[in-house]
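Now for the letters of each chain:
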Amino acid sequence: RRHLRRMYGIALSDAFLAHRYLQFIAAKMINAAARGRLARRIANTERALLILKSCHPLLIRYALRTVPNRPKVFWYKRQFEIQLLFANYLELVEKTGYQPARKVVEDNIAELAIRVTARKKMLVVYVQKAFRGFLSRRMVKFFRSEMARLFQISVSKALKIQRLYRAHRVRLMIPKILAEKKREEVMNEYLKQTEGVLRKKKKKANNE
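Residues numbered from 1 in each chain as written. Predicted model: local features only at pLDDT ≥ 70, side-chain atom pairs only at ≥ 80, totals over all residues. Heavy atoms only, no water.

**Remarks on the layout of surface pockets**
Of the volumes computed, that of the largest pocket is approximately 160 Å³. Lining the largest pocket are L52, K53, C55, P57, I60, R61, W75, I82 and F86. For the lining of the largest pocket, the secondary structure elements donating two or more residues are helix 1 (2-54), helix 2 (57-63) and helix 3 (79-87). Per-element accounting of the lining of the largest pocket gives the leading share, three residues, to helix 2. Here the lining of the largest pocket is composed, by residue class, of seven nonpolar, no polar and two charged. (1 Å grid on protein atoms, 1.4 Å probe; cavity = no way out; pocket = protein on both sides within 12 Å on 5 of 7 lines; lining within 4 Å. Points joined across faces, edges and corners; volume = space filled by probe spheres on them. Helix = DSSP H or I, 4+ residues; strand = E, 2+ residues; numbered from the N terminus. Nonpolar A, V, L, I, M, F, W, Y, C, P; charged D, E, K, R; others polar.)

Shown next, in the form of C-alpha cells:
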C-alpha cells in the first residue's frame, strides 16, 4: 500500500508539473503571438511614417481632404508634436493621454500614407503622360520630316529621269532642227538668186 501511495503521489506530481508546463508553453505562445502582432503594427506604422516624412507638405494637405466613403483623418498642428510623431509615435500617444487612442492614431497614419501614395502615383502618371506626349510629338514631327525628305528624294529621282528624257529628246531633235534650218537658208538663198535673175530680165525687157 505504501508503494502504491508513493506511485500515486508521483503520478499526481508529474501530472501537475505537466499541466504547469503546458500552461507555460501556452502562455509563451500567446505572448509571442501578441508581441508579434504589436511588432507588426509598429512596423507597419513606421513604414507609413517614413512615407509621410519623405513627402511634400502639399501632399499631406491634399490627403487631409474629406473623401466620400473613407474614414476621416487628422494631423498634428504643433511642430514638436510632428517631430515627436516621426521620432516615436508611441511616446506621443502616451504624452497625449491616449486621446486619441493608439489604434486610432495608427489607423490615421495608415490612411494618410495610403492617400499620399495614391496621390504620388497619380502625379507620376501625369508626368509620364506629359513626357510620353512630348516624345510622341517629337516622333511625329521627325516622322513627317523624314516622310517629306523621302518624298523629295523620290521626286528628285523622277525629276532627274524627266530631265534625262528631255535631254535625250532634244539631242534627237537637234539634227532635224539643224537640217530644217539649213534647208531654210538654202531656200532663202535660192529665192534671192531667182529674184535677182527676174529683176535683171525685167530690166532688160524694159530697156528693149
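**Some points on the nonpolar core**
Nonpolar side chains tend toward joint burial in soluble globular proteins. Grouped together as the largest cluster of nonpolar side chains are 21 residues, with contacts concentrated most on L52, W75, Y76, L85, I109, L112 and V116. Those elements that provide at least two residues to this core are helix 1, helix 2, helix 3, helix 4 (89-95) and helix 5 (102-207). Ranked by residue count, the leading element in this core is helix 5, at five residues. Ignoring anything within four residues of it in the chain, the contact list for V116 reads I51, L52, C55, L59 and A63. (Core = buried A, V, L, I, M, F, W, Y, C linked by side-chain atoms within 4.5 Å. Buried < 20%, exposed > 50% of the residue type's maximum accessible area, 1.4 Å probe, protein only. Contact = heavy atoms within 4.5 Å.)

**Structural notes on the pattern of salt bridges**
Evaluated as defined, the whole model comprises eight salt bridges. For R115, the salt bridge is made with E111, and the minimal N-O distance between the two is 3.1 Å. Here E111 and R115 lie together in helix 5, a separation of four residues that amounts to about one turn. With respect to class, R115 is no different from E111; both count as buried. A salt bridge links E180 to R183; the nearest nitrogen and oxygen atoms lie 3.9 Å apart. Separated by three residues within a single helix, E180 and R183 lie in helix 5, roughly one turn from each other. When its relative accessible area of 40% is taken as the criterion, E180 is described as partly exposed. (Salt bridge = Lys/Arg side-chain N within 4 Å of Asp/Glu carboxyl O.)

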